[in-house]
Amino acid sequence: MSGRSVPIVDRVTDAFFALDTDFRFTYLNDRAETLLERSRDDLIGRVMWDEFPDTVETQFPDGFHRAMDEQVSVSFDIYHAHLETWFETRAYPSEGGLSVYMRDVTERKRQETTLAQHAAVVEATRDGVVTLDRNRRIVTVNAALESLLGVDRRELIGEHVEIVPELAAIDDAETLELGRAITDVDLGNAGRRHLDVAFTDADGTDRMGELRVVPIHDDTATVAVVIRDVTDQHEYERVVTSLHEVTRWLLDSDDPEEICAIAVHAGSDLLDFPISGVWLLDDERGYLEPVAGTAGAHEKFGGLPRFYAGEGLIWDVFESGEVERFDDLRAVDDLYNPETPIRSEIIAPIGTHGVLMTGAFEPDQFDETDGDLLSTLVENTRAALDRADRERVLRRRSADLERQTERLESIAEILSSDLKRQLEAVSEALDADGADSEWEFPLAEDTVDATLDRAEQLVDDVREFARNASDVRTRSRLDLESAIESAIGASRLDDDCVVLERRATLRADAERFHRLLETAFDNIAARADDDVTVQIGVVGFETDGSRGFFLLDDATEIPPTAHERVLDPATDDDTAIDGLGLALVRAIAEAHDWRISIDNGQHGGTRIEIRDVTTLELAESTPSA
């Protein structure tokens, strides 16, 4: 991460992992993966005791349970026999779980027992070291502590240790705690003491120090205080803890746009990514739509662009599924916007949902740690979006079950009336003089065979309507003219009675759309006394309104009083012979999230109009009448 925000994580050399309140892993850094010899993917969401049963017999359970139950930080040393290494383990509790650091302290253990005898080693260490005699007077000071306090060591030798808290601006309460720790170790009441103290360095910068008080034995000194600057580590812990809190916010929402807004603002506030945005895939239209952006992104660009397939690095990363860091965009070919003021950026895919991008106006502003933290953020965002999708699916299934119940009730009425009516007529006909070859079925002009065909068609309609009509499968781009020609061929309309005004394309479930047109054509044919003409046109392009298409016929009009009724399953005597009719058209349209209405034309006839077809686009050429 750049020097502006969380450079911290770069310099954290400890193995770090986070556990939730059930002791499940929620995060590991690279060093923790190496130490535990397991990957993040293997451990995230797993219980520590299940994955590492050998730890049950160590200090880990007692220490971690105490930290969690009492909400206090704990620290203990543990020996790793396989690595022949001592680790100092520190666990910091929060409401959401534990943050655990494991530091290799093998060398420090050796140094602590021989600190006075190994002054060269002490002098070389980057930790500040001060040794004290029995009267708390300073015996030695190393160069690291000189630099930290901004004072010559000669001014410190022989002074009482209280001069150190004064120079470092340590507050009274923590100074008192430090004095108690020194006394405990010097008197043998504790083998060592550890505490974290806020202080101010020589440049006046507020820092966080980790103080370790250990006993030493030589002719002059009895206690050593080792001071390590852990500001970066504490900031790292703050960021990770805050990301845990963000995860709770994300999982509390079931609105994808709100989830994405939380993610970009978390990136801005916690990780100092002021130029960030999230794009989600629009499955129906096939492009990445910007749904959330930081204030900085909107102020600089006035909004975020939409990306179609193959456009820009955003789409490339989305397809690859891998986090990508670009240190200098001027060295990248085929940019979506070569004039962009953004010079460096990280793009991280949010699973199959979309991508999160953060950028900076200077090159080389991000590093691998930035990528890791952004990956953690987008992984949590992905989990939240997955959950939101599942919630929407459950709600939709519940609604579908309700509609299915209503649909089945309608079908029961149709099967008990329409089929009974038609088959009784067939039975009566067969009971008549079967030898009369000129006999015709008395209803309309249908023969017995035609009536049976109609019954079979009704069964097909019922089967289509009974299966979950809202279950639209994969949508593909369809040519409206070709779809009409195919549907006419399967319907009872003549091929030459349909006139398409303008060619167009749309995305739909090809099989369902064919059935929609075929059923609409059959309904028109059932209302036609003679030759019929069907005019098909598009709407919503001239007025920039809701796009769609219409079918206007000159067959017998559907009266205004029946416009709504004909869209429901037909059960009355006037329309029963036509089965489901336009109810099936409505079911398929609504399954595509389209809206259907019935009206009468200005000069008569019936107009079936389907709107909200957002993917409808005009083709280049217009067919001849």
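Before going into details, it helps to say that this report is about the structure given with it. These numbers were taken from a predicted model, which means no experiment stands behind them. (Residues numbered from 1 in each chain as written. Predicted model: local features only at pLDDT ≥ 70, side-chain atom pairs only at ≥ 80, totals over all residues. Heavy atoms only, no water.)

**Observations regarding the pattern of salt bridges**
For the structure on display, the rule yields 44 salt bridges. Measuring nitrogen to oxygen at the nearest pair gives 2.8 Å for the salt bridge that ties Arg134 to Asp186. You can see Arg134 sitting in the loop between strand S6 (128-132) and strand S7 (138-141) and its partner Asp186 sitting in helix H10 (residues 172-186), a full 52 residues away along the chain. Accessibility expressed as a relative area gives 11% for Asp186, which makes it buried. Among the salt bridges present, the one from Glu177 reaches Arg193, with a minimum N-O distance of 2.8 Å. With Glu177 in helix H10 and Arg193 in strand S8 (residues 193-200), this residue pair connects regions lying 16 residues apart in the sequence. Among the ionic contacts, a cluster of salt bridges with common partners joins Asp14, Asp77, Glu88, Arg90, Arg103, Asp127, Arg192, Glu210, Arg212 and Arg228. (Salt bridge = Lys/Arg side-chain N within 4 Å of Asp/Glu carboxyl O. Helix = DSSP H or I, 4+ residues; strand = E, 2+ residues; numbered from the N terminus. Buried < 20%, exposed > 50% of the residue type's maximum accessible area, 1.4 Å probe, protein only.)

**A closer look at the sheet that holds S6**
With antiparallel pairing, the 5 strands of this open sheet are ordered in space as S7-S6-S10-S9-S8. Either end of the sheet is taken by a strand with one partner, and the two such strands are S7 and S8. Each adjacent strand pair in this sheet contributes to an overall mean axis angle of 25°, direction not counted. Note that S8 and strand S9 (residues 206-215) share 8 bridges and pair antiparallel. Paired with Arg193 across the strands is Val213, a residue of S9. On top of the sheet, H10 reaches S6, S8, S9 and strand S10 (223-229); it is set at about 150° to S8, its chief contact. (Pairing = 2+ DSSP bridges. Axes fitted to C-alpha atoms, helices over the stretch in contact; angles between N-to-C directions. Contact = heavy atoms within 4.5 Å.)

**Some words on the packing of aromatic side chains**
Counted according to the given criterion, the structure contains 17 aromatic pairs. Relative to Trp49, the ring of Phe23 has its centre 5.5 Å away and its plane inclined at 45°; by these criteria the two rings are tilted. Of the two residues, Phe23 sits in the loop between strand S1 (15-20) and strand S2 (25-28) while Trp49 sits in helix H4 (residues 48-51), which places them 26 residues apart along the sequence. Each member of the pair Phe23 and Trp49 is classed as buried. Between Phe64 and Phe76, the ring centres sit 6.3 Å apart and the planes meet at 50°, which makes this aromatic pair tilted. Taken together, the residues Phe64 in helix H5 (residues 60-70) and Phe76 in strand S3 (residues 74-80) connect sequence positions 12 residues apart. Here the two residues Phe64 and Phe76 agree in accessibility, since each one is buried. Chaining the aromatic ring pairs together yields one cluster made of Phe23, Trp49, Phe60, Phe64 and Phe76. For Lys300, the ring lying beneath its charged end belongs to Phe361, and the centroid distance is 5.3 Å. Lying across the ring of Phe550, Arg607 places its NZ or CZ 4.0 Å from the centre. (Phe/Tyr/Trp six-rings, centres within 6.5 Å; stacked < 30°, edge-to-face > 60°. Lys NZ or Arg CZ within 6 Å of the ring centre and 35° of its normal.)

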